[in-house]
Amino acid sequence: MKHLQVAVGIIRNASHQIFLAQRAASSHMANKWEFPGGKIEQDETAEQALKRELMEETGIEVTAAQPIGQADHSYEDLRVTLHFFLVEGWHGEPWGKEGQPQRWVEQTALVAEEFPPANHALIARLVAGEI
Ligand SMILES: Nc1nc2c([nH]c(=O)n2[C@H]2C[C@H](O)[C@@H](COP(=O)(O)OP(=O)(O)OP(=O)(O)O)O2)c(=O)[nH]1
Ligand SMILES: [Mg+2]
């Protein structure tokens, strides 16, 4: 089975709101809400991939990112390992640079079912205020 390593950014502002983007209708996990991010390339560290993907997808330059864990999940025909980073420092203002819908949500109001299954354990930790 194909196995992807994915860098994922939990962009959190001073009011403890988190920036979400909606996945495209044509993509894997179509229409689910996600934390911006994407595949780690061969020659990259997870943090380098995070910075590149967040610039590409949201237009921000990440200045502070802290690793907060990983999640491994097997979908029907694809295995993913998500490398989560809490992003609390950046330059610019995140927006849906690739045309994807976006919104800020209070950390405690996140709803696990709106995300791909690989995110569910992390959402529980965020809602519980453990992060
Ligand atoms: N970005 C992101 N991907 C996630 C999350 N949860 C989750 O299961 N995934 C899965 C969906 C995809 O199968 C896989 C890769 O993410 P991606 O589609 O963002 O990768 P990418 O930006 O490099 O995509 P592309 O270049 O192919 O358009 O990770 C999440 O919260 N954020
Ligand atoms: Mg992506």
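Keep in mind that what you see is a predicted model, and the values were worked out from it rather than measured.

Regarding the UniProt feature "binding site: Mg(2+)" (unreviewed entry) in the protein
Line of reasoning, step 1. Following the UniProt record, the feature "binding site: Mg(2+)" (unreviewed entry) maps to Gly37 and Glu57 here. Taking the farthest pair of C-alpha atoms as the criterion, the annotated set spanning 21 residues converges on one region, since that pair is 7.5 Å apart. Those annotated residues from the list above that line the largest pocket are Gly37 and Glu57.
Line of reasoning, step 2. With respect to the helices and strands, the residue Gly37 is situated in strand S4 (residues 37-39).

What about the packing of aromatic side chains?
Line of reasoning, step 1. With the rule as written, the count across this model stands at 3 aromatic pairs.
Line of reasoning, step 2. With a centroid separation of 6.4 Å and 25° between ring planes, the pair formed by Trp90 and Trp104 is classed as stacked. Of this pair, Trp90 sits in strand S6 (residues 78-91) while Trp104 sits in strand S7 (residues 102-106), and the two are 14 residues apart along the sequence.
Line of reasoning, step 3. For Trp90, a relative accessible area of 19% corresponds to the buried category.
Line of reasoning, step 4. Its relative accessible area of 26% is what places Trp104 among the partly exposed residues.

So, the coordination of the magnesium ion (ligand 2)
Line of reasoning, step 1. Distances from the magnesium ion (ligand 2) to its protein donors, namely Gly37 (O) and Glu57 (OE), fall within the range 2.2 Å. One end of the pair, Gly37, is in strand S4; the other, Glu57, is in helix H1 (residues 46-58), with 20 residues separating them in the sequence. For the pair formed by Gly37 and Glu57, the shared burial category is buried.

Analysis parameters
Residues numbered from 1 in each chain as written. Chains lettered and ligands numbered in written order. Predicted model: local features only at pLDDT ≥ 70, side-chain atom pairs only at ≥ 80, totals over all residues. Heavy atoms only, no water. UniProt positions renumbered as here; feature names shortened; annotations may be inferred. 1 Å grid on protein atoms, 1.4 Å probe; cavity = no way out; pocket = protein on both sides within 12 Å on 5 of 7 lines; lining within 4 Å. Helix = DSSP H or I, 4+ residues; strand = E, 2+ residues; numbered from the N terminus. Phe/Tyr/Trp six-rings, centres within 6.5 Å; stacked < 30°, edge-to-face > 60°. Buried < 20%, exposed > 50% of the residue type's maximum accessible area, 1.4 Å probe, protein only. Donors = N, O, S within 2.8 Å, 3.2 Å for Na, K, Ca; no water.

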